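# What the coordinates show
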Amino acid sequence: MSETTRQHTSYDEGKQELKLLSDKMTDIEKRIEALRSFPPPSSSKENGTSAKISTSSTPRPLSVKFTINNGKTVTGQYLYVVGDNAKLGDGKETQGFRLAPTSYPTWSGETTIDLFDGHPLKFKYYKMFEGKPETVVNDPECSFTVTPGSNSSFSHEATWKSA
């Protein structure tokens, strides 16, 4: 086979491969568009909480109450919630939301957070002593997804399990 023929064959093979990739991209784009227009499911189960899935471009306020039972502590030790939201410290344990011993050893706290419809709020409970995070009550982290148009409040209750 001559050098010119080999180059021409290689060029044709490259052209065919490019056409296949282009067709795949077109197929992927069509699937994405179909998913965008597909109605969301009426509900899903996520950590025992029913939630509709959707999206919103504007966050809305959600009243949230966190409660932890059996949260035994020593003097100077407190229970906190940290999560992927500014009010919950944006994942930084030293900036989490501090709970109060409402009926010791039960700790709770309420706050209002801004959350997008259909996006999960992920969070964990932990103990902090003298500004240093210690142990985490639940791993993997908890999660809640806002139901579009219906939820204006959410409560989560957990029990501290000693190691």
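Residues numbered from 1 in each chain as written. Predicted model: local features only at pLDDT ≥ 70, side-chain atom pairs only at ≥ 80, totals over all residues. Heavy atoms only, no water.

Quick look at the nonpolar core now. Counting residues in hydrophobic clusters, the biggest one holds 20 residues, and the most contacted among them are Phe 66, Ile 68, Leu 99, Phe 123 and Tyr 125. Listing elements by their share of this core, those giving two or more residues are strand E3 (60-69), strand E4 (77-83), strand E7 (106-115), strand E8 (120-129), strand E10 (142-145) and strand E11 (153-159). For this core, the leading source of residues is E3, giving 4 residues. (Core = buried A, V, L, I, M, F, W, Y, C linked by side-chain atoms within 4.5 Å. Buried < 20%, exposed > 50% of the residue type's maximum accessible area, 1.4 Å probe, protein only. Helix = DSSP H or I, 4+ residues; strand = E, 2+ residues; numbered from the N terminus.)

Here we come to the packing of aromatic side chains. Applying the stated criterion to the full structure yields 8 aromatic pairs. Plain terms: the ring middles of Phe 123 and Phe 154 are 6.5 Å apart, the flat faces sit at 65° to each other, and that makes the pair edge-to-face. With a gap of 31 residues between them, Phe 123 in strand E8 and Phe 154 in strand E11 connect regions that are remote in the sequence. Owing to a relative accessible area of 0%, Phe 123 belongs among the buried residues under this scheme. Put simply, the rings of Phe 66, Phe 97, Phe 123, Tyr 125 and Phe 154 pair up and form one aromatic cluster. Arg 98 extends its terminal NZ or CZ atom over the ring of Tyr 78, reaching a point 3.4 Å from the ring centre. (Phe/Tyr/Trp six-rings, centres within 6.5 Å; stacked < 30°, edge-to-face > 60°. Lys NZ or Arg CZ within 6 Å of the ring centre and 35° of its normal.)

What follows covers the pairing of E7. Of the pairings in the sheet, the one linking E3 to E7 comprises 9 bridges and is antiparallel in character. Bridging from a neighbouring strand, Leu 62 pairs with Ile 113 of E7. In this sheet, E7 lies alongside strand E6 (residues 100-103) in antiparallel orientation, the contact comprising 2 bridges. Considered in E7, the bridge of Ser 103 is made with Thr 106. In this antiparallel pair of consecutive strands, E6 and E7, the connection spans 2 residues. (Pairing = 2+ DSSP bridges.)

Everything listed here is a matter of coordinates, which is why it stays silent on function.
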